[in-house]
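Reading the structure
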Amino acid sequence: MNYLIYVSSATQHFSDEDLKALLIISRQNNINLGITGLLLYSESNFIQVIEGEAEAIDGLYSKIKRDPRHTGFLRLLKGEISERNFPEWSMAFKKISNEDYSMIAGYESLKGTSSQSLDALGKQPVLMLLKNFLKINSEEARYSV
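Residues numbered from 1 in each chain as written. Predicted model: local features only at pLDDT ≥ 70, side-chain atom pairs only at ≥ 80, totals over all residues. Heavy atoms only, no water.

1. Points about the confidence of the model for the chain
- A residue-level look at the chain finds 66% of positions with pLDDT of 70 or above and a mean pLDDT of 76.
- At the low end of the mean pLDDT range in the chain sits helix H4 (residues 115–121), at 42; at the high end sits helix H2 (residues 54–66), at 95.
- Low pLDDT, under 50, characterises residues 110–124; the predicted model gives this stretch ten contacts beyond four residues in sequence or across chains. (pLDDT = per-residue confidence, 0-100. Helix = DSSP H or I, 4+ residues; strand = E, 2+ residues; numbered from the N terminus. Contact = heavy atoms within 4.5 Å.)

So, in structure tokens, the structure goes:
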């Protein structure tokens, strides 16, 4: 089992309706590919975790990078895991505000962060942030837009 975590920026603001349409299509595609994960959206920025077989993840990531609605990709982490972190969700989702971030244990602001300083964060703070976010918002993460 493998995972990939990336951030990107939207080329234009996504309305709630845009996000709902994205989720409907993406969740079905992820089910078909055997991919699970999490998508967070805040102020026209995305952070996504995708989990599954390496070939499926690489194919999906390549497809997302070609999507004209995204720009400024930065792959944060990629590696192997012994089990899925988000097994129930083809794509858990939450639209979040800056205030939401500050309430999460292990929060790290990535605003203005260079790729070199991202390396200094290591793997654990980013994974802690995502896991704690889901723990705090587990019901909302399934359905919230």
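2. Considerations on the pattern of salt bridges
- Following the criterion strictly, the structure yields three salt bridges and no others.
- Between Lys20 and Glu17 there is a salt bridge, with the nearest N and O atoms lying 3.7 Å from each other. On the criterion of helical spacing, the pair formed by Lys20 and Glu17 is a turn pair, its members being three residues apart in helix H1 (residues 16–33).
- Owing to a relative accessible area of 40%, Lys20 belongs among the partly exposed residues under this scheme.
- For Arg69, the salt bridge goes to Asp67, with nearest N and O atoms at 2.6 Å.
- Using a relative accessible area of 16% as the deciding quantity, one classes Asp67 as buried. (Salt bridge = Lys/Arg side-chain N within 4 Å of Asp/Glu carboxyl O. Buried < 20%, exposed > 50% of the residue type's maximum accessible area, 1.4 Å probe, protein only.)

3. What about the side chain of His70?
- As for its placement among the helices and strands, His70 is situated in strand S4 (residues 70–80).
- Ignoring anything within four residues of it in the chain, the contact list for His70 reads Tyr6, Ser8, Ser9, Thr11, Phe46 and Ile64.

4. Thoughts on H1
- For H1, spanning 18 residues, the distance from its first C-alpha to its last is 25 Å, which sits close to the expected 26 Å at 1.5 Å a residue.
- Here H1 has its buried residues at Leu19, Leu22, Leu23, Ser26 and Asn30. Each buried residue of H1 lies within a common arc of 105° when the element is viewed along its axis, so the set occupies one face. Across H1 from its buried face, at more than 90 degrees, point the exposed residues Glu17, Ile24, Ile25, Ile31 and Asn32.
- Note on H1: the residue one or two positions beyond its end, Gly34, has a positive phi of about 75°. (Expected span 1.5 Å × (residues − 1). Arc of directions from axis to C-beta.)

5. Focus: the sheet that holds strand S5 (residues 92–95)
- Strand order in the open sheet formed by five strands is S4-S1-S3-S2-S5, and the pairing between neighbours is mixed. If you trace the sheet from one side to the other, it starts and ends with S4 and S5, each paired once. Put simply, the sheet's adjacent strands are angled 10° from each other on average, direction ignored.
- Both strand S2 (residues 36–42) and strand S3 (residues 45–52) contribute to a ladder of seven bridges, which runs antiparallel. (Pairing = 2+ DSSP bridges. Axes fitted to C-alpha atoms, helices over the stretch in contact; angles between N-to-C directions.)

6. Some details on the side chain of Glu51
- For Glu51, the position within the fold is in strand S3.
- Here Glu51 sits buried without a salt bridge, and the closest side chain of opposite charge, Arg84, lies 4.8 Å off (N-O distance).
- Engagement of the side chain of Glu51 in a polar contact is seen with the backbone nitrogen of Asn85, the distance being 2.7 Å.
- At 3.2 Å, the side chain of Glu51 and the backbone nitrogen of Phe86 are in polar contact.
- For Glu51, the contacting residues outside a window of four places in its chain are Met1, Asn2, Tyr3, Gly34, Ile35, Thr36, Ile57, Ile81, Arg84, Asn85 and Phe86. (Lys, Arg positive; Asp, Glu negative; His and termini not counted. Polar contact = N/O pair within 3.5 Å; in protein donor to acceptor, adjacent residues only side chain to side chain.)

7. What about unusual backbone geometry?
- One non-glycine residue with positive phi stands out, namely Glu43, at about 50°.
- In this structure, Glu43 sits in the loop between S2 and S3.
- The phi torsion at Ser44 lies on the positive side, around 65°, for a residue other than glycine.

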